[in-house]
Amino acid sequence: MLSQLSALRAEALDQLRQAANLTALDEWHSAVLGRKGSLTALLGTVGTLPREERPAFGQAANQLKRELETAYDAQAIALKEQALKQALQRESVDVTLPGRPGQPGRLHLSTQTLRDIARIFGLMGFQIYRAREVETDEMNFQMLNIPPHHPARDMQDTLYTTPPNVLLRTHTSPGQIHAMRQYCPQPIRVILPGLVFRNEQVTARSEFMFHQVEGLAVGKHITLADLKGVFSEFARMMYGDARRVRFRGSYFPFTEPSIEVDMDCMLCEGKGCRVCKYTGWLEISGAGMVHPVVLRNGGYDPDVFTGFAFGMGVERPAMLKYGIDDIRYFFSNDIRFLEQF
C-alpha cells in the first residue's frame, strides 16, 4: 500500500505541473483530492490492511495529502499571477500613441446670459455689486417699503428659514439698500446679479429658483426718461435693432411711479405663444423711480437725490434670444440641451 501511495504521489505531482490554466487545475483537484479523487479512494481502503500496518499507512497518506494540497495552492497562485500578467499585457497602454483630447467644458447658458447683460450695462457705466442670498425680513421687505401685512407680500410666496425672520431672498432688490448704505452720499450706478427663490409652481415660464439682475442708479436730476433710454438701449444691444419695447404703468411698493417693460416676443414674432401667454409681448423687467422712503432707508435725502431701479430675469431673456420655449430646461441638467450653447 505504501508503494501505491508513492506511485500516486509521483503521478499526481507530474499532472499538477502539466496543469496550464486554472480550469485544468480545478480538474486535477477533483481527480486527486476531491470526494471521488484517487487519494480519497486509496484512503478508503485502509480498513482492508492488517491492524499493525494501518498507523503507518494513515500517517503516510495524511502527509501526502498535505504535500499535494500545498503544491496545489502554490500552483494556483502561480497560475493566477500568470493570468493577471497576461491580462495586463493585453490591456497595456502604449504611451507613444497620441493622447485622446478631453471634452472641453463650457459656461452654462444662464452664466453666458449674465455676462452678456453685465457687459451691456457695463458699457452704460454700471458696476457689478454682489449681495447676499439669505436675507432678513427687514431687508427683503420692510426697508423696501413693504411692512408686515402689506398686500404686496402676497405677490411673492416666500421661503422662510429659522429663525422666522430669516429667509431666502425673493428678489435682488434688498441689494439696493446694501449698495446705497455703502456708497451714500455718492452717486451710484450698479447692477446686482444673483439667484432668487420663491415657492412657486414650476411651469414652462416660471421656476422656484431663478436668476435676476437688479439695477440701481441714484444721483441728482435722474428722471424716468433716463430709465426708458437705458432699457431701449439694452433691448437694442441684447436682441438687435429690430426689437420693439413698450412701457406700461404698474405698481411696486419700492418705486413711484412704477412701470413694466415689455418686448415683442421673438419666439412667435408677436403672433402669440405659451411663453408670452398668447399676447405677443413678454415682460422683461419691472422698474420705476426709487420710492422716497427707500432712498431715505438707503441714506439718501429724497429732496436732493432721485434714482431709478429695475429688476429683470436672466433665463427669460435667454429664452427670447435663443428661441427656448420652456424655462425648465435651464436647471434640468440635460446634457443635450446644455451642449447647444
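Quantities reported herein were computed from a predicted structural model and do not represent experimental measurements.

A. Looking closely at helix 2 (residues 22-32). Taken as a whole, helix 2 has its buried residues at L25, W28 and V32. The arc that holds every buried residue of helix 2, seen down its axis, measures 60°, which confines them to one face. The outward face of helix 2, more than 90 degrees from its buried face, is lined by the exposed residues T23 and E27. Two or three places before T23, at the start of helix 2, stands the capping residue N21, its side-chain oxygen 3.2 Å from that residue's backbone nitrogen.

B. View of the pairing of strand 9 (residues 281-290). Most of strand 9 is tucked away, with 9 of its 10 residues classed as buried. Here strand 8 (residues 255-264) runs beside strand 9; their pairing, made up of 8 bridges, is antiparallel. Bridge pairing in strand 9 places S258 opposite G288. Of the strand pairs in this sheet, strand 9 and strand 10 (residues 306-313) are connected by 4 bridges, and their pairing is antiparallel. Following the sheet pairing, A287 is matched in strand 10 by F310.

C. Main features of the packing of aromatic side chains. Summed over the entire model, instances satisfying the criterion amount to 16 aromatic pairs. With a centroid separation of 6.4 Å and 65° between ring planes, the pair formed by F126 and F310 is classed as edge-to-face. With a gap of 184 residues between them, F126 in the loop between helix 5 (109-123) and strand 1 (127-128) and F310 in strand 10 connect regions that are remote in the sequence. With a relative accessible area of 6%, F126 lands in the buried category. The buried category is assigned to F310, whose relative accessible area is 1%.

D. Looking closely at the packing of helix 5 against helix 8 (residues 224-239). Running from N to C, helix 5 and helix 8 point in directions that differ by 130°, and their axes come no closer than 10 Å. In terms of axis orientation, helix 5 runs oblique to helix 8. Crossing geometry of helix 5 relative to helix 8 is assigned as right-handed. Facing T113, D116, I117, I120, F121 and L123 of helix 5, the residues of helix 8 in contact are V230, F234, M237 and M238. A class-by-class count of the residues in the contact of helix 5 with helix 8 yields 8 nonpolar, 1 polar and 1 charged.

E. Up close: the pattern of salt bridges. Throughout the structure, instances matching the rule amount to 12 salt bridges. Among the ionic pairs, R17 bridges to D14, the shortest N-O distance being 3.9 Å. In this pair, R17 and D14 both sit in helix 1 (residues 2-18), 3 residues apart, roughly one turn of the helix. The network of salt bridges with common partners includes R246, R248, E260 and D262.

F. Inspection of unusual backbone geometry at higher detail. Here the residue pair C184 and P185 is connected by a cis peptide bond, since its omega of 10° sits within 30 degrees of zero. Inspection of the secondary structure assignment puts P185 in the loop between helix 7 (174-183) and strand 5 (188-197). Of the consecutive residues E256 and P257, the connecting peptide bond is found in the cis state with omega at 0°. Tracing the backbone shows P257 in strand 8. Positive phi values are uncommon outside glycine, yet H221 reaches one of about 70°. On the accessibility criterion, H221 (73% relative accessible area) is exposed. Not every positive phi belongs to a glycine, and Y278 is a case in point at roughly 60°. For Y278, the position within the fold is in the loop between strand 8 and strand 9.

Calculation notes
Residues numbered from 1 in each chain as written. Predicted model: local features only at pLDDT ≥ 70, side-chain atom pairs only at ≥ 80, totals over all residues. Heavy atoms only, no water. Buried < 20%, exposed > 50% of the residue type's maximum accessible area, 1.4 Å probe, protein only. Helix = DSSP H or I, 4+ residues; strand = E, 2+ residues; numbered from the N terminus. Arc of directions from axis to C-beta. Polar contact = N/O pair within 3.5 Å; in protein donor to acceptor, adjacent residues only side chain to side chain. Pairing = 2+ DSSP bridges. Phe/Tyr/Trp six-rings, centres within 6.5 Å; stacked < 30°, edge-to-face > 60°. Axes fitted to C-alpha atoms, helices over the stretch in contact; angles between N-to-C directions. Parallel < 35°, antiparallel > 145°, perpendicular 65-115°, else oblique. Left-handed = near helix turned anticlockwise from the far one by under 90°. Contact = heavy atoms within 4.5 Å. Nonpolar A, V, L, I, M, F, W, Y, C, P; charged D, E, K, R; others polar. Salt bridge = Lys/Arg side-chain N within 4 Å of Asp/Glu carboxyl O.

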